[in-house]
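Chain by chain, the residues run as shown.
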Amino acid sequence: MRSSPLEPAHEAAGATFTDFAGYRMPVRYSSDLAEHHAVRQAAGVFDLSHMAEIGVTGPDAVAFLDHALAGSFGAMTVGRAKYSLLLAPDGGILDDLVVYRTDEHVFLVVANAGNRDVAVTALTARANGFDVLVSDDSDTTALVAIQGPAAAGTLDALIVADRLQPETPLDELRYYRVLHATFDDADVLIARTGYTGEDGFEIYCDPAAATAIWDALLEAGADRGVVPAGLAARDTLRLEAGMPLYGHELDTSVRPAQAGLGRVVAAEGTFVGQDGVEPAPDARVLVGLVTEGRRAPRAGYEVLLDGAVVGVVTSGALSPTLGHPVAMAYVEPTAVAAATDGGQVLHIDVRGTAIPSTVTAFPFYRRPQKG
């Protein structure tokens, strides 16, 4: 099992660990609920060093990414980030990714930890014929994230203390942007991205710098309510934000449009998986479901219409922020139409009890807007 460079810090903080994608990672420090609420109300600091970082460098980098991924990268300027998909030749989803353009011919592709080998193998194979270098930089990259309304203020405190020095003012870094910086003279990348539905930042660094960054964020954020947060809180946060998780909402059997990701697919050009990208007309589609009471749907629970199975829950929980259960589920399109246009009621089979549910647009939770 792989270990994060931050493992000693997690142990010192009393973390409970779990095996996640072959890594020993903290699932919680205090309680799932406390950490979830801290992110919504202040901020949480996450260790994401298990994620896979893949470098793409060379004069053909843009042409290569246009071919290898289901997106268009020619108009992507330096300092931008883009959500994209790695498809199998038949159009199924091998992984969902975030791509950063950090220089003219330099990109950073961030894949899910469990799909590291799949992504590296596919991208390396697809690089044939392109003047580009694909490198697996996962073991030489650590990732620390701070998410929540107090995130920006916490980083500002480190800038005032002259420990963090971004190449451009941090308040000019908009959502889905990235910039170069130094922390205690160590080179880092700061991205305004995340997986919680809150404003926040992800800091890519050398593993040797990770502990100092982790400690500095918690120290600077202590009087702001910033706490360490584990994978359990991260999962309920992303669910409230309606963000799909590979292995739950996404896998090789799913086509992008089924998951509501048709907008991610390039309308022009050619890419691997293009010929099979369209789902069958009767393919199940991903929807949000809200139920009353306290009994939360879980992955694998069946969705019913008039007693017949028309779908399956992929993720579900009692939403800590909203106070009622929410779920993501793949449901037959005719059943979705019956529930949204025809006024019929979908039910979720929760351990033998049919619980009424309402189809709801994503996200379930949307952070308050400033001003």
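Higher on the page you've got the structure.
Residues numbered from 1 in each chain as written. Predicted model: local features only at pLDDT ≥ 70, side-chain atom pairs only at ≥ 80, totals over all residues. Heavy atoms only, no water.

A. Broad picture of the overall build of the chain. Scanning the chain for helices and strands turns up eight helices and 21 strands. By the compact-globule yardstick of 21 Å for 371 residues, the chain fits well, its C-alpha radius of gyration being 21 Å. Taken along the three principal axes of its C-alpha coordinates, the chain extends 65 × 50 × 45 Å. For the chain, with 371 residues in total, the buried portion stands at 55%. Here the analysis covers contacts within the chain between residues at least 6 apart in sequence; of these, 65% occur between residues at least 24 apart. Of the accessible surface of the chain, which amounts to about 15,700 Å², a share of 51% is contributed by carbon and sulfur atoms. (Helix = DSSP H or I, 4+ residues; strand = E, 2+ residues; numbered from the N terminus. Rg over C-alpha atoms; globule rule 2.2 N^0.38 Å. Buried < 20%, exposed > 50% of the residue type's maximum accessible area, 1.4 Å probe, protein only. Contact = heavy atoms within 4.5 Å. Areas by Shrake-Rupley, 256 points an atom, 1.4 Å probe, with all protein chains shown as cover.)

B. Region of the structure containing helix α6 (residues 207-221). Taking 1.5 Å of rise per residue, 15 residues should cover 21 Å, and α6 covers 22 Å from first to last C-alpha, within 8% of that figure. Those residues of α6 not exposed but buried are A209, A210, I213, W214, A216, L217, L218, A220 and G221. Where α6 begins, the side chain of D206 points an oxygen toward the backbone nitrogen of A208, at a separation of 2.8 Å. (Expected span 1.5 Å × (residues − 1). Polar contact = N/O pair within 3.5 Å; in protein donor to acceptor, adjacent residues only side chain to side chain.)

C. View of the sheet that holds strand β20 (residues 346-350). Spatial ordering of the closed barrel is given by β16-β19-β18-β17-β20-β21, a layout of six strands whose pairing is antiparallel. Between one strand axis and the next, the sheet turns through 45° on average, direction left out of account. When strand β17 (residues 302-305) meets β20, the two strands line up antiparallel, connected through three bridges. Bridged to L305 within β20 is L346. Across the face of the sheet, helix α7 (residues 231-240) comes into contact with β18 (308-318) and β19 (325-331) while running at roughly 125° to β18. Those strands touched by helix α8 (residues 333-340) are β16 (285-291), β17, β18, β19, β20 and β21 (353-360), and its axis lies near 135° from that of β19. (Pairing = 2+ DSSP bridges. Axes fitted to C-alpha atoms, helices over the stretch in contact; angles between N-to-C directions.)

D. Seen up close, α8. Every buried residue of α8 is accounted for by A335, V336, A338 and A339. Around the axis of α8, the buried residues are gathered within 160° of arc, so they sit on the same side. Buried residues belonging to α8 abut β16, β17, β18, β19, β20 and β21. (Arc of directions from axis to C-beta.)

E. Quick look at the environment of L217. The topology assignment puts L217 in helix α6. On the accessibility criterion, L217 (0% relative accessible area) is buried. For the pair L217 and P228, spaced eleven residues apart in sequence, the C-alpha to C-alpha distance is 9.5 Å. In contact with L217, other than residues within four places in its own chain, are V45, V144, I146, T154, L155, L158, I203 and V226.

F. Structural detail: the nonpolar core. Formed by 36 residues in total, the largest nonpolar core has its most connected members in I190, F201, I213 and L217. Sorting the residues of this core by element identifies β4 (43-47), β10 (142-147), α5 (151-160), β12 (178-183), β13 (186-191), β14 (200-205) and α6 as the ones contributing at least two each. Per-element accounting of this core gives the leading share, eight residues, to α6. Listed in part, the 25 residues of the second largest apolar core include A88, V99, F107 and A127. (Core = buried A, V, L, I, M, F, W, Y, C linked by side-chain atoms within 4.5 Å.)

G. Structural view of the packing of helix α2 (residues 32-41) against α7. Interaxial distance between α2 and α7 falls to 8 Å at its minimum, and their mutual angle equals 50°. Regarding the angle of α2 to α7, the classification is oblique. You can see that α2 and α7 cross each other, and the crossing is right-handed. Counting all contacts with α2, which are made through D32, E35, H36, V39 and R40, the residues of α7 involved are A232, A233, T236, L237 and E240. For the contact of α2 with α7, a count of residues per class yields four nonpolar, two polar and four charged. (Parallel < 35°, antiparallel > 145°, perpendicular 65-115°, else oblique. Left-handed = near helix turned anticlockwise from the far one by under 90°. Nonpolar A, V, L, I, M, F, W, Y, C, P; charged D, E, K, R; others polar.)

H. Molecular detail of the sheet that holds strand β1 (residues 2-3). Across the sheet, which stays open at both edges, the three strands sit in the order β1-β3-β2 with mixed pairing between neighbours. Looking at the sheet topology across the chains shown, the edges are occupied by β1 and β2 (16-20). Relative to strand β3 (residues 23-28), β1 runs parallel, the two being bridged by two bridges. The residue of β3 that forms the bridge with R2 is Y23.

I. Representation of the environment of D282 within the structure. When you line up the elements, D282 lands in the loop between α7 and β16. The class for D282 is exposed, based on a relative accessible area of 59%. When the C-alpha positions of D282 and D131 are compared, they lie 41 Å apart, and in sequence the two are 151 residues distant.

J. Quick peek at unusual backbone geometry. Between F362 and the following residue, P363, the backbone shows a cis peptide bond with an omega angle of -5°. Look at A21: it is not a glycine, yet its phi comes out positive at around 55°. Residue A21 is classed as partly exposed on the basis of its relative accessible area, which comes to 35%.

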